[in-house]
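Descriptive structure summary
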Amino acid sequence: MQLYTKISIALVAGAAAGLAANLLGIDPLKSFLVFIEPIGTAWIRLITMVVVPLVFASLVVGTASLGDITKLGRIGGKTVLYYLATTAIAVTIGLVLSNLIQPGSRIDPAALEGLRSTYMAESASRVELAREAPGLMEILLRMIPRNPIEALASGDMLPIIFFAIFFGAAVSALPAERREHVVGFFDGVNEAAMVMIHWIMRLAPYAVFALIGAVIARFGLDVLQSLLVYSLVVVLGLILHVAITYTLAIRYLARRKPRDFFRRIREAQLIAFSTSSSNATLPVTMEVAEEKLDIEKEVSSFVLPLGATINMDGTALYQAVATMFIAQVLIGDISFTAQFTIVLTATLASIGAAGVPSAGIIILVVVLEQALAGTGVDPAAGIALVLGVDRILDMCRTTVNVTGDLTAAAVIERSEFDYALKHGGERAA
Ligand code: ASP
């Protein structure tokens, strides 16, 4: 049986067990599912363990074997532009749907009161956390690590990427014999990381069962009921973004068959859905890019770690819908100018969101504050409205975040190939 099939079965079985425990009120089953949750958590730790060595080694090898360092600047420029453009499109889809469906006007006032009283305290603590989040300028400055070992030790992705590229570029400037030593070493590290991923992935079905079972068993289905229209708007937006934006990008920019592409990346999507973390999924994303999509390492080793950190279309779309929903509930409607601010702030805020569970809702505070400035909306009151379904929506938006990263890798690879053809580069030959 293929690994993908096993993981799918585990996901369905976990969801079914969780639902049974939840809906039928089978307490021993619920306790059992919560009891085995550490299996899932242990697995997430295991796969996260590979992230830093994998990203560092593959990026050093990728950069050092580029041959031409201007190429990296070109790839970098295109990647960032593509990421910004697709994120802005995602936000726009979220806004259009929120205007059409008006999820905020379809909620029962009694349910609102319930949400407010249940989630207000938790929401206030999220707002506190948001206060500690660095601004965009600080994120940019922090990209340059004062001490690379510190960045590696704390798994800080942007400074790691920065240092790995700088180091890789320096290695490529060494005399051939020296260079081969260093590249050979990091190539070995990279391959060993891949072997670890293969081993860890064999355990994925058990982890997925444990993670999904516990989430669903614990989940308050009544919350889902009162926030159903809102949740459906988010999910519909995510589906449209994949079905339209990514499908067009895969067909016309990457010139691949979308159906085949989506079939090949299923494993990464399932892991993203189960873990709610782009960072934890990163090793699987990189493996899928290399082994299932045959994307060149020089592209994937750069585009994917960067994407896991700064490219979050699902998160941005979610923030747009959540802001609109909160505005519709608390102040009735929202002006066109404020909606334009949402496009800007949600796009930038999704860059600042870390690829870990629930990061999106903390950054939502920033979007709320900027887009609804002057309206008297208290961010904590707003967050309290949507917190109840955050975990479930996090799973969906993370799946889109990871799909977006893989789509970008395919698009950038193709455009580099075209560039090489046009300029008679070595790959064209
Ligand atoms: N969990 C998401 C991710 O890792 C971020 C978010 O909370 O939206 O991609």
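Here, the structure is the one placed above.
In this text, all values refer to a predicted model and were calculated from it rather than measured experimentally.

**Re the overall build of the chain**
Across its full length, the chain carries 20 helices and 0 strands. Split into buried and exposed, the 429 residues of the chain put 53% on the buried side. When contacts within the chain are restricted to residue pairs at least 6 apart in sequence, those whose partners lie at least 24 apart make up 84%. For the chain, the accessible area works out to roughly 18600 Å², and carbon and sulfur atoms hold 65% of it. Taking the average place of the 31 positive charges on the side chains of the chain and the average place of its 35 negative ones, the gap between the two points comes to 6 Å.

**Here we look at the side chain of Thr 86**
Within the secondary structure, Thr 86 sits in helix α3 (residues 69-101). Within the local environment of Thr 86, its side chain forms a polar contact with the backbone oxygen of Tyr 83, the two atoms lying 3.2 Å apart. Excluding residues that lie within four positions of it along the chain, Thr 86 makes contacts with His 241, Thr 245, Asn 311 and Asp 313.

**Overview of the packing of helix α1 (residues 3-23) against helix α2 (residues 27-64)**
Packing of α1 against α2 leaves a shortest axis separation of 8 Å and a crossing angle of 135°. In this view, α1 runs oblique relative to α2, as classed from their interaxial angle. Of the two possible hands of crossing, α1 and α2 adopt the one that is left-handed. Taking contact as the criterion, the partners of Ala 17, Gly 18, Ala 20 and Ala 21 in α1 are, on α2, Leu 29, Lys 30 and Leu 33.

**Digging into helix α8 (residues 176-202)**
Compared with the 39 Å implied by 1.5 Å per residue over 27 residues, the 39 Å span of α8 between its first and last C-alpha is a close match. The complete set of buried residues in α8 reads Val 183, Phe 186, Asn 190, Ala 193, Met 194, Ile 197, Ile 200 and Met 201.

**Considerations on unusual backbone geometry**
Residue Arg 255 is not a glycine yet carries a positive backbone phi of 50°. With relative accessibility at 44%, the residue Arg 255 sits in the partly exposed group. You will see that Ser 276, though not glycine, has its phi angle at about 55°, which is positive.

**A closer look at the packing of aromatic side chains**
A complete count under the given rule lists 10 aromatic pairs for this structure. Taken together, the ring pairs connect Phe 56, Phe 163, Phe 167, Phe 185 and Phe 186 into an aromatic cluster. Over the face of the ring belonging to Tyr 419 we find Arg 74, whose NZ or CZ atom lies 3.6 Å from the ring centre. Over the aromatic face of Tyr 4 sits the side chain of Arg 266, whose NZ or CZ is 3.6 Å from the ring centroid.

**Some thoughts on the site of the ligand**
Taken together, 16 residues lie near the ligand, and Ser 278, Thr 315, Gly 360, Asp 394 and Arg 397 sit nearest. Interatomic distance of 2.4 Å between a side-chain N/O atom of Ser 278 and an oxygen atom of the ligand. Here the ligand, which alone exposes 270 Å², has 100% of that area covered by the protein. Listed by contribution, the elements that provide at least two residues to the shell around the ligand are α18 (359-371) and α20 (390-422). Top contributing element to the shell around the ligand by residue count: α20, with 4 residues. Per-class residue counts for the shell around the ligand are 5 nonpolar, 9 polar and 2 charged.

**Side note on the packing of helix α7 (residues 157-172) against helix α15 (residues 297-310)**
Interaxial distance between α7 and α15 falls to 9 Å at its minimum, and their mutual angle equals 160°. What the angle tells us is that α7 and α15 run roughly antiparallel. The element α7 and its partner α15 pack so that their crossing is left-handed. Contact with α7, carried on its side by Met 157, Leu 158, Ile 161 and Ile 165, involves Phe 302, Pro 305, Leu 306, Thr 309 and Ile 310 of α15 and no other residues of that element.

**As for the side chain of Glu 298**
With respect to the helices and strands, the residue Glu 298 is situated in helix α15. Separated by 2.6 Å, the side chains of Glu 298 and Lys 71 make a polar contact.

**Thoughts on the nonpolar core**
The biggest cluster of nonpolar side chains holds 131 residues, and the ones touching the most others in it are Tyr 230 and Leu 406. Here this core gets 13 residues from one element, more than from any other, and that element is α2. What Tyr 230 contacts, discounting residues up to four positions off in sequence, is Pro 103, Tyr 318, Val 321, Ala 322, Phe 325, Val 386, Val 389 and Leu 393.

**Observations regarding a nonpolar patch on the surface**
A cluster of nonpolar side chains, contributed by Val 80, Leu 84, Leu 136, Met 137, Leu 140, Leu 141 and Leu 348, occupies part of the molecular surface with about 620 Å² of accessible area. At the level of elements, α3 and α5 (136-142) are the ones that each hand at least two residues to the nonpolar patch. No other element matches the 4 residues that α5 contributes to the nonpolar patch. Summarising the element assignment, Val 80 is placed in helix α3. Under the relative-accessibility criterion, Val 80 is labelled partly exposed at 36%.

**Quick look at the pattern of salt bridges**
Should the charged atoms of two oppositely charged side chains come close, the side chains can pair. Across all of its chains, the model carries 15 salt bridges by this definition. A salt bridge links Arg 142 to Glu 138; its shortest N-O distance comes to 2.7 Å. Of this pair, Arg 142 and Glu 138 both sit in helix α5, 4 residues apart, which is roughly one turn of the helix. For Glu 138, a relative accessible area of 37% corresponds to the partly exposed category.

Calculation rules
- Residues numbered from 1 in each chain as written.
- Predicted model: local features only at pLDDT ≥ 70, side-chain atom pairs only at ≥ 80, totals over all residues.
- Heavy atoms only, no water.
- Helix = DSSP H or I, 4+ residues; strand = E, 2+ residues; numbered from the N terminus.
- Buried < 20%, exposed > 50% of the residue type's maximum accessible area, 1.4 Å probe, protein only.
- Contact = heavy atoms within 4.5 Å.
- Areas by Shrake-Rupley, 256 points an atom, 1.4 Å probe, with all protein chains shown as cover.
- Lys, Arg positive; Asp, Glu negative; His and termini not counted.
- Charge placed at Lys NZ, Arg CZ, Asp CG, Glu CD.
- Polar contact = N/O pair within 3.5 Å; in protein donor to acceptor, adjacent residues only side chain to side chain.
- Axes fitted to C-alpha atoms, helices over the stretch in contact; angles between N-to-C directions.
- Parallel < 35°, antiparallel > 145°, perpendicular 65-115°, else oblique.
- Left-handed = near helix turned anticlockwise from the far one by under 90°.
- Expected span 1.5 Å × (residues − 1).
- Phe/Tyr/Trp six-rings, centres within 6.5 Å; stacked < 30°, edge-to-face > 60°.
- Lys NZ or Arg CZ within 6 Å of the ring centre and 35° of its normal.
- Near = heavy atom within 4 Å.
- Nonpolar A, V, L, I, M, F, W, Y, C, P; charged D, E, K, R; others polar.
- Core = buried A, V, L, I, M, F, W, Y, C linked by side-chain atoms within 4.5 Å.
- Patch = residues over 30% accessible without salt bridge, like charges linked within 9 Å, V, L, I, M, F, W, Y side chains within 5 Å.
- Salt bridge = Lys/Arg side-chain N within 4 Å of Asp/Glu carboxyl O.

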